[in-house]
Amino acid sequence: MTVSRVYFIDLRASAKENLPSKLSNLLETAGLSDVIEPRNIVAIKLHFGEKGNTAFIRPVFLRRIVEQVKSLEAKPFLTDTNTLYAGTRSDSLSHLVTAVENGFAYSVVNAPLIIADGIRGGAFFPVGIDKKWIKTAFIGTDIAEADALISVAHFKGHELTGFGGTLKNVGMGCASRKGKLEQHSGLCPKVKTKKCVGCGDCVDHCAHHAIALKQEKAAIASSRCVGCGECILICPNGAIEVQWDRDIAAFQEKLAEYTFAVLKEKQGKALFINFLTGISPACDCCGHSDAPIVRDIGIVASTDPVAIDQASVDLVNQQRAAHGTSLKTSLGPGEDKFKGLYPKVDWRTQLMHAERLGLGSRSYDLNIAEFRS
Ligand code: SF4
Ligand code: SF4
């Protein structure tokens, strides 16, 4: 059994040792200089946050990562891909405006911002992998063409995968629109008519015109639905649900296979970082961030995308839940916070499939990255 190394820093800081300098030590200890060579073009993949969201990683940390990559004589850019759903990041123009409004201006982060899959998400690079679900993956061109990848993920809850960490940031986050559609295909939600009050919010919100009101109840046309899942979040009455048994396991396995595709040409050229801060119950794609479910924990880094997510979920679950959040069960140390948030989602599926694909190991050693003056 392979045991992978995951490196950790807590959030304690002092005049001698501030958090950005601890982050630098973490990156160095986790192997940044092994991953990057002089003149490499380096994609730093993050989530810029939807407009109104406030839980995404603070730009000052990205600046530190950029500076460290530049110190290795490489050329970094900050990147993400466009979203499937209607929002403030569904084309490159609005995506860049949102990123800047959330603080990721060049003057702050010291690197160019490039949306990797073109103005409308149509720029992809096909990667043949021939796996259980995905035969050819469609990756955002500019990420596929980069020499190296640094994934910087905000670790939090997610309505379809239980938690969102490295696998979500890489597998879904680096996919072009065609790639996202492929992962979401078959994931058409259903309406619980007893709960639907016919307000029409979901009809207005669906960018694919897949929902109509029939006899004052929402009805979804599966032939139009792309499975983006947005209507689930939009409905104020919880009347729209994923078809849990059928869809979720396949979705998570496709996500792992897309991660495999993104990393196929980046062996030895990728580093993964998870920020266990502001651990909100749902994705940064939401236009709001609900209160964090546990205290801020720290930052982890690894060259193993499976081990880092396993370590992150374990670190969160070891905590006692914060008071007064949307998490109402599984509150004690050792209890599964993500199962508490999303009882019908088994987050283990993505990790187990990723391990089967040879992406990494669920067994890990957690090492404290020491401060070096
Ligand atoms: S948003 Fe919810 S309650 Fe309103 S019409 Fe859609 S399903 Fe019904
Ligand atoms: S009906 Fe389908 S396409 Fe429309 S918002 Fe819901 S999941 Fe997305």
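Going by the structure above, here's the rest.
Summarised in this report is the structure supplied together with it. Everything numeric in this text was worked out from a predicted model, so none of it was measured.

1. Observations concerning the overall build of the chain
Then, number 1: When you go through the chain residue by residue, the secondary structure sums to 14 helices and 16 strands.
Then, number 2: Here the C-alpha radius of gyration of the chain, 20 Å, is about what a compact globule of 373 residues would show, namely 21 Å.
Then, number 3: The burial tally for the chain puts 51% of its 373 residues in the buried class.
Then, number 4: Within the chain, counting contacts between residues at least 6 apart in sequence, those at least 24 apart form 76% of the total.

2. Observations concerning the site of ligand 1
Then, number 1: With respect to spatial proximity, 14 residues lie near ligand 1, and among them C196, C199, C202, A218 and C235 are the closest.
Then, number 2: Grouping the constituent residues of the shell around ligand 1 by class yields ten nonpolar, three polar and one charged.

3. Thoughts on the site of ligand 2
Then, number 1: Residues in close proximity to ligand 2 total 13 residues, the closest being C206, A210, C225, C228 and C231.
Then, number 2: Looking at the shell around ligand 2, its residues break down into nine nonpolar, three polar and one charged.

4. Overview of the sheet that holds strand 2 (residues 41–45)
Then, number 1: An order of 4-3-2-7-14-15-1-16 is seen for the eight strands of this open sheet, with the pairing classed as mixed. This sheet does not close on itself; its edge strands, each paired only once, are strand 4 (113–115) and strand 16 (364–368). With strand direction ignored, the average angle separating the axes of adjacent strands in the sheet is 25 degrees.
Then, number 2: In the packing of helix 1 (residues 19–30) onto the sheet, the strands contacted are strand 1 (4–9), strand 14 (270–276) and strand 15 (298–302), and the crossing angle to strand 15 comes to about 20 degrees.

5. A look at helix 14 (residues 348–356)
Residues separated by three or four positions in an α-helix point in the same direction, a consequence of the helix having 3.6 residues per turn.
Then, number 1: When we look at burial in helix 14, the residues that qualify are Q350, L351, H353 and A354.
Then, number 2: Once helix 14 finishes, G358 follows within two positions and takes phi at roughly 85 degrees, a positive value.

6. Points about the environment of G52
Then, number 1: For G52, the location among the structural elements is in the loop between strand 2 and helix 3 (59–71).
Then, number 2: Look at G52 and you get partly exposed, because 13 C-beta atoms sit within 10 Å.
Then, number 3: C-alpha of G52 to C-alpha of H288: the two residues are 236 residues apart in sequence and 5.1 Å apart in space.
Then, number 4: Residues within four places of G52 in sequence aside, it is in contact with G287 and H288.

Conventions and cut-offs
In this convention, every chain numbers its residues from 1, walking through the sequence in written order. Here chains are named by letter from A upward and ligands by number from 1 upward, in the order in which they appear as written. In keeping with the model being predicted, local features are shown solely for residues with a pLDDT of at least 70 and side-chain atom pairs are shown and tallied solely at 80 or more, while totals for entire chains, interfaces and linings include all residues. Numbering of helices and strands runs from the N terminus; a helix is a DSSP stretch of H or I covering at least four residues, while a strand is a stretch of E covering at least two. Note that the radius of gyration is over C-alpha atoms, with the globule rule given as 2.2 Å times the number of residues to the power 0.38. Think of it as a crowd count around each C-beta: if 20 or more other C-beta atoms lie within 10 Å the residue is buried, if 12 or fewer it is exposed, and in between it is partly exposed, with C-beta placed from the backbone throughout. Whether two residues are in contact is decided by their C-beta atoms, placed from the backbone, lying within 7 Å. Using a C-beta atom placed from the backbone, a residue is scored as near a molecule or strand whenever that atom is within 6 Å of it. Gly counts as polar in this scheme, as do all residues outside two lists: the nonpolar Ala, Val, Leu, Ile, Met, Phe, Trp, Tyr, Cys and Pro, and the charged Asp, Glu, Lys and Arg. Strands were regarded as paired on the criterion that DSSP finds at least two bridges between them. With axes taken as lines fitted to C-alpha atoms, and helix axes fitted only over the stretch in contact, angles between N-to-C directions fall between 0 and 180 degrees.

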